[in-house]
Amino acid sequence: MQILITHGGLARTRVLSLSRLQIAVALFSLVAALLLLSGAVYHFIFLKAAREGWPVVSQLVRLVVRDEIAQRERFMQVNLDAMARKVGEMQARMVNLEAMGERVTGLAGVKPDELKALQRPAPAPGGPARAAVAGQGGPYLPLAHPTLEQLDAALAGLEQLAEQHGDVFTLAESRLFESRLKSLMIPNSRPVDAPIGSGFGFRTDPITGRPALHTGLDFSAEPGTPIAAAAGGMVTSAGWHPQYGNLLEIDHGNGLTTRYAHTQRILVKVGDLIKRGQQVALVGNTGRSTGPHLHFEVLVDGVMQDPAKFLVASAPTSPATRTAAQANPPPVAAAVAPLQRP
C-alpha cells in the first residue's frame, strides 16, 4: 500500500509505502487508544458527574446505567435484609446469655453492686459521664429494610454486650473457683478409712485412769496404714513430740490446722504443699499411746475443735439421719461460716 503526500502543484510529492503488518499494527494501536480514552472519560468524567450531581451529565449517566444501579441496589438490600436476620438471631442469643449470666452469677455469689459496675454505660466521647442505669437493653433494629448505618450500630451494640457478658462470666468463674478452693481447704475428708475408737470430749484416760479431755478423734488401724491429708494445705511441722510421738501439722489457711499424731513414719517435710487425699504419714504407735491408731485433731485459730463436726459433711447418711442433721445443725457451722464468706 502506497500513500502519496503533496503540498501543491510545484511541490515535490512524497510516497509513503506501508505493508499489511504496519497497517494492522496502526489500526490496533488506534483502537486501543480509543478504548483507553473512552474508559478514562467514563470513569473520570461521567462517574464523577453522577456522584457529584452535575446538571446535565449526571442525568444522562443515570439514564444509561439506571438498570445497573437498580440491580445493585436490589442486591445490596437483599444482603442487608439477610444481615438483619442474622443480627436479630444474635440479639436473641444475647438475651439468653444475659438470663444465663444472671443465674450463674447468683449461684457464684456475685453481689448485684459488682454487676452494676460492669453494666455502667461508657461516657460519650468529649461529653460528661452518664449515671449508671439499672436496666439493660439490646440495640433497636427496624424490621423493614434496615440501612447499613443501622446495621453497623446494631453490631457495635452487640459487640459491647458480648464484652460485658464475657466480663460477667469471667467474674462468676473466678468466684466459683474461689469457692472451690475454700472447700478444698476445709478438713472434711477422713484421714483413715477406719472406725473411730475414741471421740472428742471428756473420757477416762487410758493410761492414768482419771477423767481427761480428749482433744481429737482416734482412728483404730493396723500399723503402716496410709494416712491421707484431710484437706489441702502446707506442712508447718513434722517431727517428734513427747506426747504425740511422730507429729505432723498441716496449715490450711484461715486459721485452720490439722494434726496427725502417733504416726509410724511421716512421708512429707516442712514447707511441702499438700493436696486433699495425699498420703502424708503411716499409722503407728509412737508417743503416749497404748496401741496403733491415728490421733486426728482440728484447730481453728489455735482452739481445738471436734473433728467429727467437720467430717460429718462428707460422711454418707441415711434419710433419717440427714433430716435430723438439718433440724439440728452442728455447731461447727459457726466456725466454718466465716471461712466461706466471699
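Residues numbered from 1 in each chain as written. Predicted model: local features only at pLDDT ≥ 70, side-chain atom pairs only at ≥ 80, totals over all residues. Heavy atoms only, no water.

## Here's the deal with the overall build of the chain
Next, step 1: When helices and strands are tallied, the chain shows eight helices and 14 strands.
Next, step 2: Counting only residues that meet the buried cut, the chain has 28% of its 342 residues in that class.
Next, step 3: Nonlocal contacts in the chain, meaning residues at least 24 apart in sequence, comprise 60% of its contacts between residues at least 6 apart.
Next, step 4: Of the roughly 22,400 Å² of accessible surface on the chain, a fraction of 61% belongs to carbon and sulfur atoms. (Helix = DSSP H or I, 4+ residues; strand = E, 2+ residues; numbered from the N terminus. Buried < 20%, exposed > 50% of the residue type's maximum accessible area, 1.4 Å probe, protein only. Contact = heavy atoms within 4.5 Å. Areas by Shrake-Rupley, 256 points an atom, 1.4 Å probe, with all protein chains shown as cover.)

## Focus: the pairing of strand β4 (residues 201-204)
Next, step 1: As paired elements, β4 and strand β5 (residues 211-214) share four bridges and run antiparallel to each other. Residue F202 lies in a different strand from β5, and its bridge partner there is L213. (Pairing = 2+ DSSP bridges.)

## A few points about a nonpolar patch on the surface
Next, step 1: Where nonpolar side chains cluster on the molecular surface, the patch consists of L30, L34 and L37 and spans about 310 Å² of accessible area.
Next, step 2: You can see L37 is positioned in helix α1 (residues 20-52).
Next, step 3: Overall, the relative accessible area of 52% leaves L37 in the exposed class. (Patch = residues over 30% accessible without salt bridge, like charges linked within 9 Å, V, L, I, M, F, W, Y side chains within 5 Å. Salt bridge = Lys/Arg side-chain N within 4 Å of Asp/Glu carboxyl O.)

## Focus: the pattern of salt bridges
Next, step 1: Considering all chains together, one arrives at five salt bridges under this definition.
Next, step 2: Residue R259 pairs with E249 through a salt bridge whose shortest N-O separation is 3.0 Å. In this pair, R259 is assigned in strand β10 (residues 256-266) and E249 in strand β9 (residues 245-253), connecting sequence segments ten residues apart. Both residues of the pair, R259 and E249, belong to the buried class.
Next, step 3: A salt bridge links K269 to D272, with the shortest nitrogen-to-oxygen separation between them at 3.3 Å.
Next, step 4: A relative accessible area of 55% means that K269 is categorised as exposed.

## Here's the deal with the packing of aromatic side chains
Next, step 1: Summed over all chains, the structure comprises two aromatic pairs.
Next, step 2: Geometrically, the ring pair formed by Y260 and F296 is tilted, given 5.4 Å between the ring centres and 45° between the ring planes. In this pair, Y260 sits in strand β10 while F296 sits in strand β13 (residues 293-300), placing the two residues 36 residues apart along the sequence.
Next, step 3: A residue is classified by how much of its surface remains accessible, and F296, at 0% relative accessible area, is buried.
Next, step 4: An aromatic cluster is built from F219, Y260 and F296, whose rings are joined through pairwise contacts. (Phe/Tyr/Trp six-rings, centres within 6.5 Å; stacked < 30°, edge-to-face > 60°.)

## As for unusual backbone geometry
Next, step 1: The phi dihedral of H262 falls on the positive side, at around 60°, and the residue is not glycine.
Next, step 2: Relative to the assigned elements, H262 resides in strand β10.
Next, step 3: The buried category is assigned to H262, whose relative accessible area is 5%.

## Notes on the environment of R203
Next, step 1: For R203, the position within the fold is in strand β4.
Next, step 2: Accessibility expressed as a relative area gives 26% for R203, which makes it partly exposed.
Next, step 3: Here the alpha-carbon distance between R203 and H214, two residues eleven residues apart in the chain, equals 6.6 Å.
Next, step 4: If we skip the residues at most four places from it in the chain, R203 touches S198, R210, P211, A212, H214 and D218.

## Some thoughts on the nonpolar core
Next, step 1: Residues V192, I227, I250, Y260, V280, L294 and F296 are the most contacted members of the largest nonpolar core, which totals 25 residues.
Next, step 2: For this core, the element with the most residues is β13, which contributes four residues.
Next, step 3: Aside from chain neighbours lying at most four places away, what touches V192 is F219, A221, T225, P226, I227, V283 and L294. (Core = buried A, V, L, I, M, F, W, Y, C linked by side-chain atoms within 4.5 Å.)

## A look at the confidence of the model for the chain
Parts of the prediction with low pLDDT should not have their coordinates interpreted in detail.
Next, step 1: Predicted confidence across the chain gives a mean pLDDT of 75, with 66% of residues reaching 70 or more.
Next, step 2: Strand β12 (residues 279-283) holds the highest mean pLDDT among the elements of the chain, 97, whereas helix α8 (residues 332-336) holds the lowest, 38.
Next, step 3: When the criterion is pLDDT under 50, residues 316-342 qualifies, and its contacts beyond four places in sequence or with other chains add up to 16 contacts. (pLDDT = per-residue confidence, 0-100.)

## Description of the side chain of R259
Next, step 1: Using a relative accessible area of 17% as the deciding quantity, one classes R259 as buried.
Next, step 2: Only 3.4 Å separates the side chain of R259 from the side chain of Y244, close enough to count as a polar contact.
Next, step 3: With sequence-adjacent residues up to four places away left out, R259 is seen in contact with Y244, L247, L248, E249, H295, F296, E297, L299 and M304. (Polar contact = N/O pair within 3.5 Å; in protein donor to acceptor, adjacent residues only side chain to side chain.)

## Quick word on the pairing of β10
Next, step 1: Burial runs high along β10: eight of the eleven residues are buried.
Next, step 2: Inspection of the sheet shows β9 paired to β10 by six bridges, in the antiparallel sense. Of the residues in β10, the one forming a bridge with N246 is T263.
Next, step 3: Sheet topology places β10 next to β12; three bridges connect them, and they run antiparallel. Across the sheet, T263 pairs through a bridge with V283, a residue of β12.

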